[in-house]
Amino acid sequence: SIKDEIGSITTKSKDFWSNPHPSALEAKKQNDLHFETFHGVSLDLSGQSYKYEHDSLLLPYLPYFSNCREFDSYIPLWSLVESPDRCGLPGVTRDHPTYWWRRQIPSLPHPDDVKAIGPFDFMSFYPVSDWCERKLYCNFEENLSEPDVTPRWFEADSGATLFSIIRDPIDYYDYTGRRASMVGSHDGGGQRFINSIDTLQTFIPAKVDRSPALNVEGGCTTACFPRRVTLDISYQQVDVHSKRIVQVKVLYDRFDKDASNDGYELQIKFYALDFQELVIKFAFSRELFLLLFAQIGVGTVLVALVYWIVVRLSTRLESPPKLRITGFLWLTFPPALGGFLLGLVPISIVTSVVYYLMKGYNHFTPETDPEGRNWLFLTSARLHFTDVNIDPDYLHSTRQGRTGMAFITMSVASICFTSKMLVPKRMPRGNKASILPEDRTSKKSMIWKRSNLVYSSILMSLFLVVIVEWSFWGSFGTYIWEEIIFLKVLSIFVGSVVDGQLGEALLSAPVMTAMGLVQGIVTMSANDFMDFLLSYIVGFGFLIIERMYIGPLQADFASWIFKICSATFKRVKATATAGVPIDEETTSMTPEKNNETLEPLLGSFASYSCDTLSLLYSPFIMVIIMLFRDEAEITKLYGIKEADMEYYVLFALAIIPFQIVADIFLHNALELLHGWKIYEYLEYCSVRFAQREVWWKGFESNTLDDCIQESLRSVDQMCFSSQYYMLITIHVNAMIYFVLGVEMMTRANYNLFGDPAMFPIVAIVFLSVMVVKGALVWLGRILGVWRIRYEKRGWHDHVQLEGDPNVEQLGEIQGSGHDRYPMELRMSS
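Residues numbered from 1 in each chain as written. Predicted model: local features only at pLDDT ≥ 70, side-chain atom pairs only at ≥ 80, totals over all residues. Heavy atoms only, no water.

Visitor: How do you make sense of the packing of aromatic side chains when you look at a structure like this?
Guide: Aromatic ring pairs are described here by two measures, namely the spacing of the ring centres and the angle between the planes. With the rule as written, the count across this model stands at 51 aromatic pairs. Between the aromatic rings of Phe275 and Phe284, the centroid separation amounts to 5.5 Å while the plane-to-plane angle is 35°, which identifies the pairing as tilted. Judged on exposure class, the residue Phe275 and its partner Phe284 are both buried. Among the aromatic residues, those joined into a ring-pair cluster are Tyr64, Phe65, Phe140, Trp153, Phe154, Phe163, Phe225, Tyr252 and Tyr264. The side chain of Arg688 reaches across the aromatic face of Tyr684, ending 4.6 Å from its centre. (Phe/Tyr/Trp six-rings, centres within 6.5 Å; stacked < 30°, edge-to-face > 60°. Buried < 20%, exposed > 50% of the residue type's maximum accessible area, 1.4 Å probe, protein only. Lys NZ or Arg CZ within 6 Å of the ring centre and 35° of its normal.)

Laid out in structure tokens, this is it:
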């Protein structure tokens, strides 16, 4: 090959993408004369005149790589990877040893020996297809000693898209934009095919990896040249004759700073992916992935069923309860789903307001203002108090920081509102003069509890930010399973601290649910999608252990340890005092297990309610992360492409019904293992919620059960109803939004106190929260949401006020369908 002299290359002053001819009609004539394909001339909608639209090139060869031996300036891809004489298999390495099965087959096998891999070929697994690795020796045609204004192709940063390859081959007519072999009036060049593409997945971007430059001593940002460029192209063998490009990577390596040397090596790697790799790269259709998700879901249900069978065969109960599936389903899932959806309504409305405020230009002005430079007042506001003019280079980062500030505003407002509902000002019925002072909630105590909840929620959110930041560690995905188990164990200890800080299970529930959700979010940092799926399986196995053994026995184990320490201390003291008798009861080292109390059941089911809410909420927060992808940057840092996030959301949705059924088997197993009457308790909760005295269950002051441990009374009072799940949903969402807001502001290096738009944004978002809250409460009352059934109002309060009922009165109440009294008998029997 002969390299052109730099001085002989001339550049036209006119913009490259502009029409080089006086008119579009003249451009059409010249294109037809020279049989040109690199153009965008086409008929307009009227069909009477031509228009010139040229903003991309459809090339039949690889761009940038030129002046290479054997090819000179143009390297067609087909010629590069389909040469029997030049293509070979990879050398002997750890991944490809001498006994590698592929070495028995030529690098370019005969068409009769080609074996494609389809969506259901998981048994054959490995394809038999072309494998081409070769090396070319090329020369840079750029002047290395004189840097350009913009980075050149070999100076691109890691993650940059150098070019794109159409994943499926196209024919002559698509390439030329013609309808026949001859020129015609409707020719459109390669631009016609590009304009006809309706999905970005058609283009496979060639992503640059420049990470070896980090190891160059003294830095390698400018005047630093790669001496080895590796073009790595992986594909799917669709059938015997067709290939589909899946991934393209360009690796720069072996850097030096010798501008006098213009040579470099171009290594080519062209190979087919096996079945697992195709799944990881999302090469198959959605239907296959839905089938795969269903198989994982069925597997979790079967594991839970087998576990129930084992527990049923080994139970010590004299009269074990029967397996109840539909009963548990109706008592557990409808309240959770209803409360979650009700909580999602205000969240979605306010989030839509923020999206419109910050990113509405994507939908309302995509053509006239694609970057949002003139959208609303935010872009006209200075980016900092000290700025004289708006610097457009900082517009994106400022919008990113402002979005984070809006999220934090939503978060703080929601936490303050939910704290009032979680710690309500109770309104007792009856004569206020008859209410004892100790039965009234102290106003100072109420304010302290609310403030403590707000403080704990924000502090916990900051701790969750640390966990998210930790997940950005480069090796986090490598040790994803170990880190999942570590986070599960950590959550047990953190839960004990939170319980001690807040003092009530109802207040601890949303805080710990937020931590469980963050644990699910960080699993997306797994190295690939297969590890993400396997991390779910690992997490499910730990869930069984935690729910069956760790949770129920945690309090007993702690009590046992305390007794051991007390006994040891008394023995030491007795030895020191020579002969003081020791209480045998205190020295007992056997943990007591009391199945007659309701506290273990309540604690276990409260934990289940947190897990269920996490299950329902996960798809929603994934969608939010997708909508604010450029602002949060979480999936970008995890290396997940925007199109691939769809499969993570699909998995989160598809696994819900299977997880609910698996939980039902675990509920039945808990009844057999610990002797709890979970089903009867849930029936009892359903009856109590239906017979509540006021529209909001938490407002009742006479339904706190004094027989239950004080920290569990409030969560028992809420009856695990739709009101409970709605309140937990809003509070959990507030904490997760706080985490996202901090992430956005951190990524943008945003100083909210220096932004003139801070006060308007905070005011708009806070006003939106207030208006949505008031409007939805009013609408809910109009529509009769949570309407009180006056015909079933509790008779216990009437008895306390009017006196003990006689036998006829009690019989009349029971005969009219009031089943609260027999339910209490079933629970205490």
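Visitor: Explanation requested: the side chain of Thr418 in the structure shown.
Guide: Turning to its location among the elements, Thr418 is positioned in helix α9 (residues 395-422). A distance of 2.8 Å separates a polar atom in the side chain of Thr418 from the backbone oxygen of Ser414. Apart from residues no more than four positions distant in its own chain, Thr418 is found in contact with Leu727, Ile730 and His731. (Helix = DSSP H or I, 4+ residues; strand = E, 2+ residues; numbered from the N terminus. Polar contact = N/O pair within 3.5 Å; in protein donor to acceptor, adjacent residues only side chain to side chain. Contact = heavy atoms within 4.5 Å.)

Visitor: Is there a simple way to explain the state of the cysteines in this structure?
Guide: For the structure on display, the rule yields three disulfides. The disulfide partner of Cys87 is Cys132, and the gap between their sulfur atoms is 2.0 Å. Between Cys87 and Cys132 the disulfide shows an S-S torsion of about -75°. By sign, it is left-handed. One end of the pair, Cys87, is in the loop between α2 (77-81) and β3 (132-139); the other, Cys132, is in strand β3, and 45 residues separate them in sequence. Note on Cys132: relative accessible area 0%, which makes it buried. With its disulfide-bonded cysteines labelled consecutively along the sequence, the protein chain is connected as 1-4, 2-3, 5-6. Cysteine Cys719 remains unbridged, with the sulfur of Cys685 as its closest cysteine sulfur at 4.9 Å. (Disulfide = S-S within 2.5 Å.)

Visitor: For this particular structure, what's the right way to read a nonpolar patch on the surface?
Guide: A cluster of nonpolar side chains, namely Leu342, Trp778, Leu779, Ile782, Leu783 and Val785, defines an oily patch on the protein surface of about 590 Å² accessible area. No other element matches the four residues that helix α22 (residues 758-783) contributes to the nonpolar patch. Here Leu342 is to be found in helix α7 (residues 326-359). With relative accessibility at 33%, the residue Leu342 sits in the partly exposed group. (Patch = residues over 30% accessible without salt bridge, like charges linked within 9 Å, V, L, I, M, F, W, Y side chains within 5 Å. Areas by Shrake-Rupley, 256 points an atom, 1.4 Å probe, with all protein chains shown as cover. Salt bridge = Lys/Arg side-chain N within 4 Å of Asp/Glu carboxyl O.)

Visitor: So what exactly am I meant to see when it comes to helix α6 (residues 286-314) here?
Guide: Residues that lie three or four places apart on an α-helix share one face, since the helix turns once every 3.6 residues. The end-to-end C-alpha separation of α6 is 42 Å, in line with the 42 Å expected for 29 residues at 1.5 Å each. Among all positions in α6, only Leu288, Phe289, Phe293, Ile296, Gly297, Thr300, Val301, Ala304, Tyr307, Trp308 and Val311 are buried. (Expected span 1.5 Å × (residues − 1).)

Visitor: Whenever I open this one, a positive patch on the surface confuses me. Can you help?
Guide: Residues Lys207, Lys249, Lys281 and Lys641 make up a contiguous surface patch of positive charge. Tracing the backbone shows Lys641 in the loop between α17 (634-638) and α18 (645-674). You can call Lys641 partly exposed: its relative accessible area is 43%. (Lys, Arg positive; Asp, Glu negative; His and termini not counted. Charge placed at Lys NZ, Arg CZ, Asp CG, Glu CD.)

Visitor: How should I be thinking about the pattern of salt bridges in this particular structure?
Guide: Oppositely charged side chains are able to pair whenever their charged atoms sit close together. Taken as a whole and judged by the stated rule, the model has 22 salt bridges. With its nearest N and O atoms 2.8 Å apart, the salt bridge here joins Asp663 to Arg547. Here Asp663, found in helix α18, pairs with Arg547, found in helix α13 (residues 529-577); they are 116 residues apart in sequence, far enough to count as distant. Residue classification places Asp663 among the buried residues on the basis of a relative accessible area of 2%. Each member of the salt-bridge network shares a partner with another, and the members are Glu70, Arg86 and Arg134.

Visitor: I'm lost on the pairing of strand β8 (residues 263-272) in this one. Help?
Guide: In summary, the side chains of a regular strand alternate between the two faces of the sheet. Judged by how many residues are buried, β8 sits mostly within the fold: nine of 10 residues are covered. With eight bridges joining them, β3 and β8 adopt antiparallel strand pairing. Paired with Leu136 across the two strands is Leu266, which belongs to β8. In this structure, strand β6 (residues 225-237) lies alongside β8, joined through eight bridges in parallel fashion. Residue Thr230 lies in a different strand from β8, and its bridge partner there is Gln267. (Pairing = 2+ DSSP bridges.)

Visitor: Help me understand the sheet that holds strand β5 (residues 203-209) in this model?
Guide: Two strands in a sheet stick together by hydrogen bonds in their backbones, pointing the same way (parallel) or opposite ways (antiparallel). Here we have six strands laid out as an open sheet, ordered β3-β8-β6-β7-β5-β4, and mixed in their pairing. Edge positions in the open sheet fall to β3 and β4 (161-166), since each of these has one partner strand only. Averaged over all neighbouring strand pairs, the angle between strand axes comes to 20°, with direction disregarded. (Axes fitted to C-alpha atoms, helices over the stretch in contact; angles between N-to-C directions.)

Visitor: Quick question: what am I supposed to make of the packing of helix α11 (residues 480-502) against helix α12 (residues 505-522) here?
Guide: When two helices pack together, their arrangement is given by the angle between the helix axes and the distance between those axes. Two elements in contact, α11 and α12, have axes separated by 10 Å at closest approach and are oriented at 165°. Comparing the axis directions of α11 and α12 gives the class roughly antiparallel. In terms of crossing hand, the pair formed by α11 and α12 is right-handed. When α11 is examined against α12, the residues Ile480, Leu487, Lys488, Leu490, Ser491, Val494, Gly495, Val498, Asp499 and Leu502 are found in contact with a partner set consisting of Leu507, Ser508, Val511, Met512, Met515, Gln519 and Val522. (Parallel < 35°, antiparallel > 145°, perpendicular 65-115°, else oblique. Left-handed = near helix turned anticlockwise from the far one by under 90°.)

Visitor: Quick question: what am I supposed to make of the environment of Pro84 here?
Guide: With respect to the element layout, Pro84 can be found in the loop between α2 and β3. The exposure class assigned to Pro84 is exposed, which follows from its relative accessible area of 62%. The spatial distance from the C-alpha of Pro84 to the C-alpha of Asp130 is 10.0 Å, given a sequence separation of 46 residues.

Visitor: I keep staring at the packing of helix α10 (residues 443-471) against helix α21 (residues 722-748) and nothing clicks. Help me out?
Guide: At a minimum axis separation of 9 Å, α10 and α21 run at an interaxial angle of 50°. By the angle between their axes, α10 is oblique relative to α21. With respect to the hand of their crossing, α10 and α21 are arranged in right-handed fashion. Contacts between α10 and α21 involve Leu453, Ser457, Ile458, Met460, Ser461, Leu462, Leu464, Val465, Val468 and Glu469 from the former and His731, Met735, Phe738, Val739, Val742, Glu743 and Arg747 from the latter. Partitioning the contact of α10 with α21 into residue classes produces 11 nonpolar, three polar and three charged. (Nonpolar A, V, L, I, M, F, W, Y, C, P; charged D, E, K, R; others polar.)

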